[in-house]
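Remarks on the overall topology
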Amino acid sequence: MRWDAQSLGRGRNPIPGQGNGPDSPAAAPASDALLPLAGLVRSISTPEFAGITFHEVTAKSVLNKVPPGSRMPFEWTINPYRGCSHACVYCFARKSHTYLDFDSGLDFDSQVVVKVNAAEVLRRELSRPGWGHHHVALGTNTDPYQRAEGRYQLMPGIIRTLADSGTPLSILTKGTLLSRDIPLLKAAASQVPVGVGISLAMLDEELSATIEPGTPTPRARLALIRRLRNAGLECNVMAMPILPWLTDGEESLHSLFQALSEAGATGVTAGALYLRPGTREWFMQWLGKHHPELVGRYRSLYGQGSYASKEYQKWLASRVVAVKARYGFTGTQGFSHRKKAAKLPESGHQVAARSAAQQRLLPGAEYEVELPAGQQAALF
């Protein structure tokens, strides 16, 4: 019960799924809360997650409707967590934390909101007569398999509930905790279309440790791709963000795509760093600390906007198209939560077995995918 003993407040409000008897763990009622979060039950800090506070809330709804007119490739999302201990400096979702009166920097990394009743509420929402069994995307804002998922175990209930209701789903994650749910995902895939994507854009372990410090290592994510493929599940990869002057060199891109091919990834999408407000300030602070020589270059490349210059995007696109072709990913679009029924591409080993003559550089298609912020970015 060490976790429950760390409750930052008083009261005896029951936590869903943990009973309500006299021996139930104490919980801080909303009146004792550190922050005025809707539905707050208690806030917890524990040595297991040093420097992180979890705010457990009972949500009234977990299905989020994408605004009408959006060009996202899905209509509905679920985010069981808000804030993310992965602490990726470049995360585009940082600004969304300000809607809760947190800041988009350290608070985003260390103040994590947990919808402890997510599966229960979802079951009720999906049972409504008007539910149209639309595709539901997870991992569009914060990672559903961040470390806290090992404690809260929200995803198994969410996956079962979606599959049992006949609702297609897709998941994008950096979290190797996903491996725990591979049997569950296989079972769900026998009921409804299931898409699984891994976010991996760099192999440099040292760089990864500084810019995405709370994530599993690149090596661990490659192993996860292999596990998914060995289980018979498709696994597309979102290779974003590609960082100017840090991970956009030929050697970096070739190493990444070769590793993804050998791991059996079924498709890859790559795209340049996107610096929307809230993320830009935090990223530039990191850049000034770790790569001060690049600060002026980034300011010139991005100007006052969120996107790298069109010239840079065009240059990066040509480089990505070439490396995708070399490693057998031409024509694949990686992971974008789109529903599709396509034949599995050749595995990395099949591609490697082809003769050099067959591995010609073929023209690749550049396409647009709308980011969750409602903005557009070119992906390759």
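Summary of the structure given here. (Residues numbered from 1 in each chain as written. Predicted model: local features only at pLDDT ≥ 70, side-chain atom pairs only at ≥ 80, totals over all residues. Heavy atoms only, no water.)

With respect to helix 3 (residues 118-126)
For the record, the criterion: In this scheme, a residue with accessible area under 20% of its type's maximum is buried, one over 50% is exposed, and one in between is partly exposed, where area comes from a 1.4 Å probe on protein chains only. Where helices and strands are cited, they refer to DSSP runs of H or I of at least four residues and of E of at least two residues respectively, numbered from the N terminus. Think of the arc as the fan of directions from the helix axis to the C-beta atoms. In what follows, residue pairs with any heavy atoms lying within 4.5 Å of each other are defined as contacts.
Taken as a whole, helix 3 has its buried residues at Ala118, Ala119, Val121, Leu122, Glu125 and Leu126. Across the axial projection of helix 3, the buried residues extend over an arc of 160 degrees, all falling on one side. On its buried side, helix 3 packs onto strand 4 (76-78), strand 6 (111-115) and helix 5 (155-164).

Quick word on the packing of helix 8 (residues 218-230) against helix 9 (residues 250-263)
The condition is simple: For helices, the fitted axis covers only the stretch in contact; all axes are lines through C-alpha atoms, and the angles between them, taken along N-to-C directions, range from 0 to 180 degrees. Oblique is the label for every angle not falling under 35 degrees (roughly parallel), over 145 degrees (roughly antiparallel), or within 65 to 115 degrees (roughly perpendicular). A crossing counts as left-handed when the near helix is turned anticlockwise from the far one by less than a right angle, and as right-handed when that turn is clockwise. Residues were grouped as follows: Ala, Val, Leu, Ile, Met, Phe, Trp, Tyr, Cys and Pro as nonpolar; Asp, Glu, Lys and Arg as charged; and all remaining residues, including Gly, as polar.
Relative orientation of the contacting elements helix 8 and helix 9 amounts to 30 degrees, with a least axis distance of 8 Å. Put simply, helix 8 runs roughly parallel to helix 9. As helix 8 runs across helix 9, the sense of the crossing is right-handed. Across from Leu222, Ile225, Arg226 and Arg229 in helix 8, the residues of helix 9 making contact are Ala259, Leu260, Glu262 and Ala263. Considered class by class, the residues forming the contact of helix 8 with helix 9 number 5 nonpolar, no polar and 3 charged.

Quick word on the pairing of strand 1 (residues 40-45)
Definition in use: Between any two strands, pairing holds if DSSP finds at least two bridges.
Taken across its 6 residues, strand 1 has 5 buried, putting it largely inside the fold. Bridge count for strand 1 against strand 2 (residues 53-57) is 5 bridges, and the pairing is antiparallel. Looking across to strand 2, one finds that Ser45 is bridged to Thr53.

Considering helix 8
Spelled out, the test is: Helix span, as expected, comes to 1.5 Å for every residue beyond the first.
With 13 residues, helix 8 ought to run about 18 Å at 1.5 Å a step, and its terminal C-alpha atoms sit 18 Å apart, in line with that. Looking one or two residues past helix 8, Gly232 carries a phi angle of roughly 85 degrees, positive in sign.

Things to note about the sheet that holds strand 1
Strand pairs in the sheet, formed through backbone hydrogen bonds, run parallel or antiparallel to each other. Strand order across the open sheet formed by 4 strands is 1-2-6-5, with mixed pairing between neighbours. A strand with exactly one partner marks an edge of an open sheet, and here the two such strands are strand 1 and strand 5 (81-82). Pairing between strand 2 and strand 6: 5 bridges, direction parallel. Pairing of Glu56 across the sheet is with Val114, part of strand 6.

Quick look at the pattern of salt bridges
Definition in use: Put simply, a salt bridge is a Lys or Arg side-chain nitrogen that is within 4 Å of an Asp or Glu carboxyl oxygen.
Under the defined criterion, the tally for this structure stands at 6 salt bridges. Between Arg94 and Asp109 there is a salt bridge; the shortest N-O distance is 2.8 Å. One end of the pair, Arg94, is in the loop between strand 5 and helix 2 (106-110); the other, Asp109, is in helix 2, with 15 residues separating them in the sequence. The two residues Arg94 and Asp109 agree in class, both being buried. It is possible to trace a salt-bridge network through shared partners that takes in Glu149, Arg180 and Asp181.

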